[in-house]
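Close look at the chain arrangement
Here is how the chains run, residue by residue.
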Amino acid sequence: MKKHITMLMFFMLLAVFGLQAQNKIVSGKIIDSSGELMPGVTIIQKGTANGTASDIDGKYSLSVSEGATLVFSFIGYSTIEKAVGSSNVLNITLQIDESELDEVVVIGYGTQKKSDLTGAVGSVGEKDLRDRPSASLSQNLSGRVQGVNVSVNSGRPGGRANIRIRGNTSVSIANDPLYVIDGVILHSAGLANGSTPIDYINPNDIASIEVLKDASATAIYGARGANGVILVSTKRGSKTGGTITYDGNFSIGTLPKKIPLLNSAEFLAAEDLAYQNAQKYDPNGWANGIYKDPKLKRTDPKLFDSNGNPLYDTDWQDESFQQAITQNHQLSLTGGNQDDSFGAYLGYRDEDGLMKESWMKRFSGRFVFDSKIKKWVTVGGGLSYNDQKESQVDPLGNGGIIAMRQVLEALPIIPVRYPDGSWAGNADYPGMEGGNNPLQVAKERIYLVNTQTVLGNIYANFFLAKGLELRSNVSTNIVNQRVDYYGGRNLNYIAKNQGGDASVSNDRLNSWQFENYLTYIKTINENHALNAMVGLSWQHVDRFNSTARAQNFQDDYFMFNNLGAGANAIQPQSGSVAYGLNSYFSRLNYTLKDKYLFTFTGRVDGSSKFGESNQYAFFPSAAFAWRASDENFLQNSSSISNLKFRSSIGMTGNSEITAYQALAGMGNYSVIFNNQREIGIGISRLANPNLRWEKTTQIDIGAELGLFQNKVMFEIDLYRKITDDMLLSAPVPSSSGYSVVSQNVGSMENTGIELGLNTVNFERNNFSWNTTFNFSYNKNEVLELAGGSDIFLGSTIVRKGESVGAFFGFVHEGTWNTSEESIAAQYNKRPGDIKYKDVNEDGVINDSDRVVIGKGIPDGFGTFANTFTFKNFELLVDIQYTYGNDVLFRSKHSAEDRTGIANSFKTILNAWTPENQDTNIAQIRPLTAGYNTNNDSDRVQDGSFVRGRNLMLSYNFLPQTLEKINVERMRAYVSVQNFFLTTKYAGYDPEVSTSGAAFDQGVDLYAYPKPRVFMLGVSITL
């Protein structure tokens, strides 16, 4: 037995020595092209987890097997692979990575090297997306590309955002860009609470985003390219073997600031003061005894002690908002080789909102494959499914705004609940506007949005001959959305008078497209290069929605789950719409001597939405670029590494109106006949057979400059966009029997400049510092309106010579003081009243004195970001700024003007008194003595801001550390998003819009605040 053990040990020792004999120690030194030592370079034996990193002197040493290949990599430098060979010493020189110029970017119906682009295209890569984990594509894109203004308008989970590329181009229809996901064109449908299909894409599935901005880039999408195009490429399978990747993060969101509100003592004092001033502002009512001393009603033992002092002093912002906990988990399984690859992606996100009872849950799954089944054909495709459920407390309808409003207006003298567990509310204190407290509203007004989306495509690439390829693609996008609503039986101003109100709304949108295009690539005697593409496309969209509703329930048990329990069944509603597009498109790229670049694009679109004589339109573009750095006089320049000039002109369109607007519409009529309600059908909309596309003509001039081996990269664009034949449902004389008709009403102009700067500021001895700065300026102006008449939309006006969606109202000049009593009397005002400017000086303040008082569209915006790298640590400081925009703070309407019937902003403590006459706030008085509801310049505030958007510290673990736990890569990070905000705006956040209008940016009516988010995350690849 001992003999057998001895022999076994002998053979094991031989095997160990044999393995050692097959290994060798390789060492060397790594420098850059200027001879500087490079510490922190990652060295990995290809195909294994065996690796190391260079030390502070740029030296390394690694034990590898015979015949091994080493991979040397460092951020900002080209990766090098070197076979070990027979030598034990392998010195390496790394070169600056100029792949940014040779980077292949996605363009419409194809790809192109960035250096060959003639149009204005912005690109966001996977690393940039990874640096800012977020819940939606829009949040991921914010600040990444100059000329692209992303306004995240709400802080609720899944909150709505506006994306505007080079300004607004329309007055009433969609200003959103066209979204194309892996070649699938998304229908720009308005869904619940202003959301669109892009909001339901899992951002963790995205590999890159390209933004097409000028006409040369967007004309290939013709009738839908006027607002720019966003191309999204999702992650695919692996071509280098199997990998498993997990990305997860946990975060806590907190309220960054509170709006100062009255406490209990201040509220009661304001109520007393209002009573004292009632005789001045309503002498007749005072004489008739309609005003009672409020001290006499402070006797309820649930609210006051025996001396009339309040028992409670509730801070409703503390009670209503919470720490918002979020968890996000993403798992990917990929595999394959150069010919066949696949990927499976799973995601789960559970996000609480700042406002209690608001949350979002998202489940997502996606499968992709690509396979070269023959030398002449490759097939592939993908199928994704997202299931998202949201509890919203701030929908645009169904009383949703009341929950946010009551946070500001709930009385501080009432508690959330009384000791017996019953809810407290404003109505418990006599004479108040009797809204329920915000927590009761959030709890008993249910608004659940359930959305399921399917996005699928399958393609085949046929290689017909050398340089000739045919691609055929079939895709579909399906959106199912159900909104479950219930307003509780005890909620004032929501459903109390109806005995409870329940509804279920279903919305289904189906879209499919079939596209075929032929691409031919040819190089002739090295001086001429052609890339020609021609194709055709069909797309069909249909949509069906229905709503069932009931009221008057015996209790709140069933909510929306049993509409039959409601004693009052409301008339059901339903609707159906469908339209189709037929398109033909082509593009020719011609390159002369690899430095003179020409692009010609054309698309013919036909849509069933427009009149018979205007169903088809042609959208052409042309562009030229000159790579001056390739000329002989610059080729050997020691400073200029890239210089390119480009220009383009072209036309794009906007067709996103509701279908059938060119035709007369049928509608329902209700009449009383023989004391019974009867329903009839009749013409409800005028026909307009001349209805035609909105068309936008754009000119762009740009330049790109790279200095010192592209350590400094600068880009500038100047553009001018003119939109003609703007579409609008315009009002018509009531004598016609109709209210509106769809018309082409005028033209609009956007002019602007975009600047982008990327620099490598420092790079030596384990430390590097990179900066990204971009700036965008845009001026918007309405040039013409049909008939010259103003168009009033909500709180805004469309007027020739003004920015679209300008705020409209009176000019607030403070308050009348006692020395102006005689002048105030001429306007039927008293000292202490608000003073409005008599614009036309006719001695009367009326609608003729309303003027443009601000605009929500910013003049300029941009990003200033710095990345610092030290060894394996990386620190990102990302700052966002916007200037020249205003916010219409409509919340001031009730929070400053309705003193004594609800709580108020603390600013009313600065209201007019005989001792304090230099103030903008009118003297406090009861509601019935008259208060101001007008939009005026005092409600328009400067919305400029500087925001600390993201502060992130990450660490990439060393290969030798990960080898011990069989992990290929691992990265851990901590971040703070929205880490500071500098602004003069008095509301929660100046980046806001609570309106659903196409351009109504900057209106704040009880907006949902944005959280400050503290995040901890990890990414692991096996």
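Residues numbered from 1 in each chain as written. Predicted model: local features only at pLDDT ≥ 70, side-chain atom pairs only at ≥ 80, totals over all residues. Heavy atoms only, no water.

1. Here's the deal with the confidence of the model for the protein
Rules: pLDDT is defined as a per-residue confidence score from the predictor, taking values between 0 and 100. For helices the rule is a DSSP run of H or I covering at least 4 residues; for strands it is a run of E covering at least 2, with both sets numbered from the N terminus onward. Between two residues, a contact is recorded if the distance between any of their heavy atoms is within 4.5 Å.
For the protein, per-residue confidence averages 86 on the pLDDT scale, and residues scoring 70 or more make up 93% of the total. Ranking the helices and strands of the protein by mean pLDDT puts helix 8 (residues 316–320) first, with 95, and helix 1 (residues 2–22) last, with 44. Scored below 50 in pLDDT, residues 1–21 shows zero contacts in the model against residues more than four places distant or in partner chains.

2. Brief notes about the sheet that holds strand 6 (residues 80–83)
Strands pair in a sheet through their backbones, by hydrogen bonds, and they do so in one of two ways: parallel or antiparallel. We apply this condition: Two strands pair under a simple rule: DSSP has to find at least two bridges between them. Every angle, taken between N-to-C directions, lies between 0 and 180 degrees, and every axis is a line fitted to C-alpha atoms, over only the stretch in contact when it is a helix.
Spatial strand order, 3-2-5-6: four strands in an open sheet with antiparallel pairing. Every interior strand has two partners, whereas the edge strands, strand 3 (51–53) and strand 6, have only one. On average, each strand axis in the sheet is tilted by 20° relative to the strand beside it, whichever way the strands run. In this sheet, strand 6 lies alongside strand 5 (residues 69–73) in antiparallel orientation, the contact comprising four bridges.

3. Details of the packing of aromatic side chains
So the rule is basically this: Aromatic rings from Phe, Tyr and Trp, taking only the six-membered ring of Trp, are treated as a pair when their centres fall within 6.5 Å; an angle between ring planes under 30 degrees marks them as stacked, one over 60 as edge-to-face, and anything in between as tilted. Think of it in three bands: with a 1.4 Å probe and only protein chains considered, a residue is buried below 20% of the maximum accessible area for its type, exposed above 50%, and partly exposed in between. We call a charge positioned above a ring when the Lys NZ or Arg CZ atom is no farther than 6 Å from the ring centre and deviates by at most 35 degrees from the ring normal.
As enumerated under the stated definition, the model contains 29 aromatic pairs in all. Ring centres 5.2 Å apart and planes at 75° place the aromatic pair F979 and F980 in the edge-to-face group. For F980, a relative accessible area of 27% corresponds to the partly exposed category. Above the face of the Y459 ring, R471 is positioned so that its terminal group lies 4.0 Å from the ring centre.

4. Points about the side chain of Q440
Rules: Pairing of N or O atoms within 3.5 Å defines a polar contact, subject to two protein rules: one partner must be a possible hydrogen donor and the other a possible acceptor, and residues neighboring in sequence count only if both atoms are side-chain atoms.
In this structure, Q440 sits in helix 10 (residues 438–444). Side-chain polar atoms of Q440 contact the side chain of N436, separated by 3.2 Å. Residues within four places of Q440 in sequence aside, it is in contact with W423, A424, R445, N490 and L491.

5. Some details on the sheet that holds strand 16 (residues 229–234)
Judged by pairing direction, the sheet is mixed, and its five strands sit side by side in the order 10-15-16-13-14 without closing on themselves. Across the chains shown, the open sheet's two edge strands, defined by having one partner strand only, are strand 10 (121–124) and strand 14 (184–185). Sheet topology note: the strand 10/strand 15 (residues 206–212) ladder contains four bridges and is antiparallel. Note that in strand 15 the partner of V121 across the bridge is L212.

6. Observations regarding a nonpolar patch on the surface
Using the following cut-off: A patch consists of residues exposed above 30% relative accessible area that lack any salt bridge, with like charges linked at up to 9 Å and nonpolar side chains (Val, Leu, Ile, Met, Phe, Trp, Tyr) linked at up to 5 Å. Where accessible areas are quoted, they stem from the Shrake-Rupley method and a 1.4 Å probe; at the residue level, only the protein chains shown are allowed to cover. A side-chain nitrogen of Lys or Arg and a carboxyl oxygen of Asp or Glu constitute a salt bridge if their distance falls within 4 Å.
On the surface, I244, L331, L333, L346 and L1022 cluster together into a nonpolar patch covering about 410 Å² of accessible area. Mapped onto the elements of the fold, L346 is located in strand 19 (residues 340–352).

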